[in-house]
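Read off the chains here:
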Amino acid sequence: CRDSEGELHLFGTKWRDNECYDCSCSKDGIECCTSFATPVGYDREKCISIFNKETCIYRVLEKDDFSKECPVHSWV
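Cut-offs and rules
- Residues numbered from 1 in each chain as written.
- Predicted model: local features only at pLDDT ≥ 70, side-chain atom pairs only at ≥ 80, totals over all residues.
- Heavy atoms only, no water.
- Domains from an automatic or database assignment.
- Helix = DSSP H or I, 4+ residues; strand = E, 2+ residues; numbered from the N terminus.
- Buried < 20%, exposed > 50% of the residue type's maximum accessible area, 1.4 Å probe, protein only.
- Disulfide = S-S within 2.5 Å.

Description of the domain arrangement of the protein
When the domains of the protein are assigned, the result is domain 1 (1-35) and domain 2 (39-66). Taking the mean C-alpha position of each, domain 1 and domain 2 sit 28 Å from one another.

Observations concerning unusual backbone geometry
One non-glycine residue, cysteine 20, lies in the positive phi region at around 70°. Among the structural elements, cysteine 20 can be located in the loop between strand E1 (14-16) and strand E2 (21-26). Owing to a relative accessible area of 1%, cysteine 20 belongs among the buried residues under this scheme.

Looking at the state of the cysteines
Working definition: the covalent bond between the sulfur atoms of two cysteines is a disulfide. Summed over all chains, the structure comprises 4 disulfides. With its sulfur 2.0 Å from that of its partner, cysteine 1 forms a disulfide with cysteine 25. Here cysteine 1 and cysteine 25 share a disulfide; its torsion about the S-S bond, 80°, makes the bridge right-handed. Of the two residues, cysteine 1 is situated in the segment before E1 and cysteine 25 in strand E2; the sequence distance between them amounts to 24 residues. A sulfur-sulfur distance of 2.0 Å marks the disulfide that ties cysteine 47 to cysteine 70. The S-S bond linking cysteine 47 to cysteine 70 shows a torsion near -90°; that makes this disulfide left-handed. Of this pair, cysteine 47 sits in strand E4 (residues 47-52) while cysteine 70 sits in the segment after strand E6 (65-69); the two residues are 23 residues apart in sequence, bridging distant segments of the chain. Assigned by exposure class, cysteine 47 and cysteine 70 land together as buried.

Structure below.
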């Protein structure tokens, strides 16, 4: 299988790409899905979600004070 970066992968292999997707290669081709949950249930007026590509994790922080995390009630 050749991924979107042009790298070849053997059948039966799995990897995480630079966009935080978990991928696998089979004789049917490449299949990828997100490795992270996206916050959807939080106060969007007071808070902002920030994605860290190094850790593949979203953090939801107060817009006025990034040292304070906001509660998240649902993720997808």
